[in-house]
Amino acid sequence: MPELPEVETTCQGIAPHVTGQTIQTVIVREARMRWPVSPEIEDLSKETILSVSRRAKYILLTFESGTLLIHLGMSGSLRVIDPAADLRKHDHVLITLSNGLELRYHDPRRFGCLLWTSESPHLHPLIQHLGPEPLSEDFTAETLKTAAQKKKTTIKQLIMDGKVVVGVGNIYACEALFQAGIHPKRKAAAISLTRLDTLTNEIKAVLARSIKQGGTTLRDFLREDGTAGYFKQQLAVYDREGEACLSCDTPIKRVVLGQRSTFFCPKCQK
DNA sequence: AAAACTACCTGAGTGC
DNA sequence: TGCACTCAGGTAGTTT
């Protein structure tokens, strides 16, 4: 679930309910995440959430005394919910707020993290070496051109490298390459600036489109689920092995690239 | 230095 | 029904 559009819609979804609220209680039911949940967060009662923001796939909750970095990993989710709602398996961290609502972190695979930093989050080791945001003006064809130089890597692996550009996960890497008509296995260094320009535009477009769709499900983010199948309808290649290309009817192919399933149209993508 | 591989973890799905 | 196996949206850390 959590690719960049989901992280962004989670931020937008929780922000109005948590911004300006004071924390009442924090319960860590399971601290074993990718890294142990920072013990400091259990001391956050009476602290006020000043803002909610996002850097790459990290959600940043800013307090006067520091910042809580939240990553959803592969299976995490963050909901604003009535504290009386039944606890589900894998509801690991519960944060109650002064408005009577509760922020609940749920993550079956525990690949996510909740880390406290009292310094600027942008200096945090997990964040400071990250590349530009894909939707910012700092991400351009030149970004990719420079990153590709002297590398043997494929274009798909390049755009999924967080040091090059953040937030492009497996699904959207496949989708953007399809929209740009570029074969995922093509050597990044051999692609013209013109085609890289098309690709950067398609990455921005597909992410923006998904965020917009996330926006439509934003209103009912309090519900148990609801977004699950929604993006899926819009996907042109991801998880469509053997199905007809929406553009030319050729069966979509699947290959493995960097241990990740990669879907593409062998006719439309060169 | 860069590329390839491993590891973390649970749950859903498949085939026998 | 149950067991064994594969695969999944991420990414840091280790090895080649």
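Residues numbered from 1 in each chain as written. Chains lettered and ligands numbered in written order. Predicted model: local features only at pLDDT ≥ 70, side-chain atom pairs only at ≥ 80, totals over all residues. Heavy atoms only, no water.

Caption draft 1: Representation of the overall build of chain A. The helix and strand tally for chain A stands at five helices and ten strands. Taking 18 Å as the expected radius of gyration for a compact globule of 270 residues, we find that chain A reaches 20 Å, a close match to that expectation. The principal-axis extent of the C-alpha atoms belonging to chain A is close to 55 × 35 × 30 Å. Taken over 270 residues, chain A has a buried fraction of 48%. A separation of at least 24 residues holds for 64% of the contacts in chain A among residues at least 6 apart in sequence. Entry remark: accessible area of chain A is about 13,100 Å², with carbon and sulfur atoms responsible for 50%. (Helix = DSSP H or I, 4+ residues; strand = E, 2+ residues; numbered from the N terminus. Rg over C-alpha atoms; globule rule 2.2 N^0.38 Å. Buried < 20%, exposed > 50% of the residue type's maximum accessible area, 1.4 Å probe, protein only. Contact = heavy atoms within 4.5 Å. Areas by Shrake-Rupley, 256 points an atom, 1.4 Å probe, with all protein chains shown as cover.)

Caption draft 2: Inspection of the domain arrangement of chain A at higher detail. Here the domain parsing of chain A yields domain 1 (4-123) and domain 2 (141-264). Averaged C-alpha coordinates put domain 1 and domain 2 at centres separated by 28 Å. (Domains from an automatic or database assignment.)

Caption draft 3: Fine view of the sheet that holds strand 1 (residues 23-28). Taken in spatial order, the four strands of this open sheet run 1-6-7-5, and their pairing is antiparallel. One side of each edge strand has no neighbouring strand; the edge strands of this open sheet are strand 1 and strand 5 (77-81). The mean inter-strand angle of the sheet, taken between neighbouring strand axes irrespective of direction, is 15°. In the sheet, strand 5 pairs with strand 7 (residues 102-106) via five bridges, with the strands oriented antiparallel. Looking at the pairing, Ile81 lines up with Glu102 of strand 7. Packing of helix 1 (residues 4-18) onto the sheet brings it into contact with strand 5, strand 6 (91-97) and strand 7, and relative to strand 5 it is tilted by some 30°. (Pairing = 2+ DSSP bridges. Axes fitted to C-alpha atoms, helices over the stretch in contact; angles between N-to-C directions.)

Caption draft 4: Spotlight on the protein's contact with DNA strand B. Close contacts around DNA strand B come from Lys89, His90, Pro108, Arg109, Arg110, Phe111, Lys151, Lys152, Thr153 and Gln259, and that covers them all. Among all atoms of DNA strand B positioned within 4 Å of the protein, those belonging to sugar or phosphate total 59%. At 3.4 Å from a phosphate oxygen of DNA strand B is found a side-chain nitrogen or oxygen belonging to Lys89. Within the backbone of Lys152, an N or O atom sits 2.5 Å from a phosphate oxygen of DNA strand B. Considering only residue class, the surface near DNA strand B consists of two nonpolar, three polar and five charged. (Near = heavy atom within 4 Å. Polar contact = N/O pair within 3.5 Å; in protein donor to acceptor, adjacent residues only side chain to side chain. Nonpolar A, V, L, I, M, F, W, Y, C, P; charged D, E, K, R; others polar.)

Caption draft 5: Highlighting the sheet that holds strand 2 (residues 51-55). Read from one edge to the other, the open sheet built from four strands follows the order 2-3-4-8, with strand pairing classed as antiparallel. The open sheet terminates on both sides in strands that have one partner only, identified here as strand 2 and strand 8 (113-117). Averaged over all adjacent pairs, the angle separating strand axes in this sheet is 25°, with direction ignored. Bridge count for strand 4 (residues 66-71) against strand 8 is five bridges, and the pairing is antiparallel. Paired with Leu69 across the strands is Leu115, a residue of strand 8. Of the strands in this sheet, strand 2 and strand 3 (58-63) touch helix 1, which is tilted by about 170° from strand 2.

Caption draft 6: Quick peek at unusual backbone geometry. Within the chain, Arg110 stands out as a residue other than glycine whose phi angle is a positive 55°. Checked against the element boundaries, Arg110 lands in the loop between strand 7 and strand 8.

Caption draft 7: Expanded view of the packing of aromatic side chains. One pass over the structure, following the stated rule, counts two aromatic pairs. Taking the centre distance of 5.2 Å and the plane angle of 70° together, the rings of Tyr238 and Phe263 count as edge-to-face. Of the two residues, Tyr238 is situated in the loop between helix 5 (193-218) and strand 9 (253-257) and Phe263 in strand 10 (residues 260-264); the sequence distance between them amounts to 25 residues. Judged by its relative accessible area of 23%, Tyr238 is partly exposed. (Phe/Tyr/Trp six-rings, centres within 6.5 Å; stacked < 30°, edge-to-face > 60°.)

Caption draft 8: Structural context of helix 2 (residues 141-148). Here helix 2 has its buried residues at Ala141, Thr143, Leu144, Ala147 and Ala148. Projected onto a plane normal to the axis of helix 2, the buried residues spread over an arc of 160° and lie on a single side. The opening residue of helix 2 is Thr140, an N-cap whose side-chain oxygen sits 3.2 Å from the backbone nitrogen of Glu142. Looking one or two residues past helix 2, Lys150 carries a phi angle of roughly 65°, positive in sign. (Arc of directions from axis to C-beta.)

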